[in-house]
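# Per-entry structural report
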Amino acid sequence: MFTEQYFNNNKAYKVYNNANFSIVLDRSCNADCKFCVENLRNHSSNKRNCDYESVLSKMRELDTSISITGGEPTANSRFIELVNLVDKYKFRKTVVTTNGSFLIRDNFKILDSLLNFNHLNISKAHFDEEKNRAVMRYKTDDYFSNEDLISVMNHIKEKESKLRVRLSCVLTQSTIKSKEDIQAYVDFYSDYVDNIVFRELMKSDEIENIEKKEFYRTNAVDMTPILREISEDTEFKLINETNGYYYNVKVYEYKGMILCFEQADLRNMRNRKEDEIYEFVLHESGRLCGSWNDSETHLGDFHG
């Protein structure tokens, strides 16, 4: 389950064998989603010119999966450069998380760079465009509509790419909040995608952003009773379950779709032993850490 590895002046750590490596390309975003986990804490604003080649070489030796995230990573000028480097190192699983708004620009330039990736996670809070806009709060006109999603899916099909699109939906009182809402969401998008993840708002007692703290307090949806209903519905077939050190995941098949349900409690991250690493995060400062907090479990620096 764990393999001993050495980092930062040859300090020994126990690395989880299925660890993921996330690159936070840029914390800035062209939207301001009310549920955005990036705004829970006031992160360091120190940005450096990261040496992606060196860190990718190191992570490839550990055989991690890799995720490119943000903020909105596709808005960053180095995005395609980074994607090409990830392609070069042939990681076992490659994922990008995005709000989708830049995918079809310039004749699908961004999307075409991703055709060798495995997964493209696109955030859609609701299938109703007005409700989706209200909670995702795009700052510009770069809104990713349902029609844009269809264009993305058609383009991937035309290119005969293995890239698999997965929609990501966070449960909130103002969007999707019940088993019936989930079924309506799935039925709406079933003609376009076959993979959707539903997430509960993360539990945390360290939310520093005042606006987000109030939204989490008033809009959180408890997924547990919904999962209980789902477990009693014969249309839903449980195919996998994972209980991690701060997250729980259940995967169901429903009408030919793969539905993933995730619950996370950031407070449980404190239970992790100091010498254990379950995930790697390269922050935009170039600091490689074993935590989403760029001041914890510092493993090395990768910047020019």
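Above this text sits the structure in question.
Bear in mind that the values here come from a model prediction, so they are computed numbers and not experimental data. (Residues numbered from 1 in each chain as written. Predicted model: local features only at pLDDT ≥ 70, side-chain atom pairs only at ≥ 80, totals over all residues. Heavy atoms only, no water.)

We now examine the side chain of Arg 166. Examined against the element boundaries, Arg 166 turns out to sit in strand β6 (residues 164-170). In this structure, Arg 166 is buried with no salt-bridge partner, the nearest side chain bearing the opposite charge being Glu 262 at 4.6 Å. Polar contacts involving the side chain of Arg 166 include one to the side chain of Asn 121, which spans 3.3 Å. Filtering out sequence-adjacent residues up to four positions away, Arg 166 remains in contact with Leu 120, Asn 121, Ile 122, Asn 195, Ile 196, Val 197, Arg 199 and Cys 260. (Helix = DSSP H or I, 4+ residues; strand = E, 2+ residues; numbered from the N terminus. Buried < 20%, exposed > 50% of the residue type's maximum accessible area, 1.4 Å probe, protein only. Lys, Arg positive; Asp, Glu negative; His and termini not counted. Salt bridge = Lys/Arg side-chain N within 4 Å of Asp/Glu carboxyl O. Polar contact = N/O pair within 3.5 Å; in protein donor to acceptor, adjacent residues only side chain to side chain. Contact = heavy atoms within 4.5 Å.)

Looking at helix α6 (residues 179-189), one finds that the buried residues are Lys 179, Ile 182, Gln 183, Tyr 185, Val 186 and Tyr 189. For α6, the arc enclosing every buried residue in end-on projection is 160 degrees, short of the 170-degree limit, so these residues lie on one face. (Arc of directions from axis to C-beta.)

Formed by 79 residues in total, the largest nonpolar core has its most connected members in Phe 21, Leu 56, Leu 114, Phe 198 and Phe 280. With residues up to four places along the chain from it excluded, the contact list for Leu 56 reads Phe 21, Ile 23, Ile 66, Leu 82, Leu 85, Val 86, Tyr 89 and Phe 91. (Core = buried A, V, L, I, M, F, W, Y, C linked by side-chain atoms within 4.5 Å.)

Attention shifts here to the pattern of salt bridges. This structure, assessed with the given rule, holds 16 salt bridges. When the shortest N-O distance is used, the salt bridge between Glu 129 and Lys 124 registers 3.6 Å. Judged by relative accessible area, which is 25%, Glu 129 ranks as partly exposed. By relative accessible area, which is 1% here, Lys 124 ends up buried. The closest approach of N and O atoms between Lys 250 and Glu 241, which form a salt bridge, is 2.7 Å.

Looking now at the side chain of Asp 26. Within the element layout of this structure, Asp 26 appears in strand β2 (residues 11-26). Reaching out from Asp 26, the side chain makes a polar contact with the side chain of Asn 76 at a distance of 3.0 Å. Setting aside chain neighbours within four positions, we find Asp 26 in contact with Lys 47, Thr 69, Gly 70, Gly 71, Glu 72, Asn 76 and Glu 284.

Right, let's get into the environment of Thr 175. On the secondary structure map, Thr 175 appears in the loop between β6 and α6. Under the relative-accessibility criterion, Thr 175 is labelled buried at 6%. Separated by 40 residues in sequence, Thr 175 and Val 135 place their C-alpha atoms 8.0 Å apart. Leave out the neighbours within four places in its chain, and Thr 175 touches Ala 125, His 126, Lys 131, Val 135, Val 170 and Asp 181.

Time to look at the pairing of strand β11 (residues 276-282). Put simply, side chains in a regular strand alternate between the two faces of the sheet. A large share of β11 lies buried, amounting to 7 of its 7 residues. Relative to β11, β2 runs parallel, the two sharing 6 bridges. For Asn 20, the partnering residue across the bridge sits in β11 and is Glu 279. With antiparallel pairing between neighbouring strands as the criterion, β11 and strand β12 (residues 287-289) make up a hairpin whose turn holds 4 residues, including Gly 286 at a positive phi of roughly 90 degrees. (Pairing = 2+ DSSP bridges.)

A word on the packing of aromatic side chains. Applying the stated criterion across every chain, the model contains 16 aromatic pairs. Note on Phe 2 and Tyr 278: the rings are 5.6 Å apart at their centroids and 80 degrees apart in plane angle, and the pair reads as edge-to-face. Placement of Phe 2 in strand β1 (residues 2-7) and of Tyr 278 in strand β11 is noted, with a sequence separation of 276 residues between them. The exposure class of Phe 2 is partly exposed, given its relative accessible area of 28%. Under the relative-accessibility criterion, Tyr 278 is labelled buried at 18%. Geometrically, the ring pair formed by Phe 236 and Tyr 254 is stacked, given 4.2 Å between the ring centres and 15 degrees between the ring planes. One end of the pair, Phe 236, is in strand β8 (residues 236-243); the other, Tyr 254, is in strand β9 (residues 247-254), and 18 residues separate them in sequence. Here Phe 236 matches Tyr 254 in class, with each residue buried. These aromatic residues form a ring-pair network of at least three members: Phe 127, Tyr 185, Phe 188, Tyr 189, Tyr 192, Phe 198, Phe 236, Tyr 252, Tyr 254 and Phe 261. One Lys or Arg, Lys 58, reaches over the ring of Phe 7 and ends 5.0 Å from the middle of that ring. (Phe/Tyr/Trp six-rings, centres within 6.5 Å; stacked < 30°, edge-to-face > 60°. Lys NZ or Arg CZ within 6 Å of the ring centre and 35° of its normal.)

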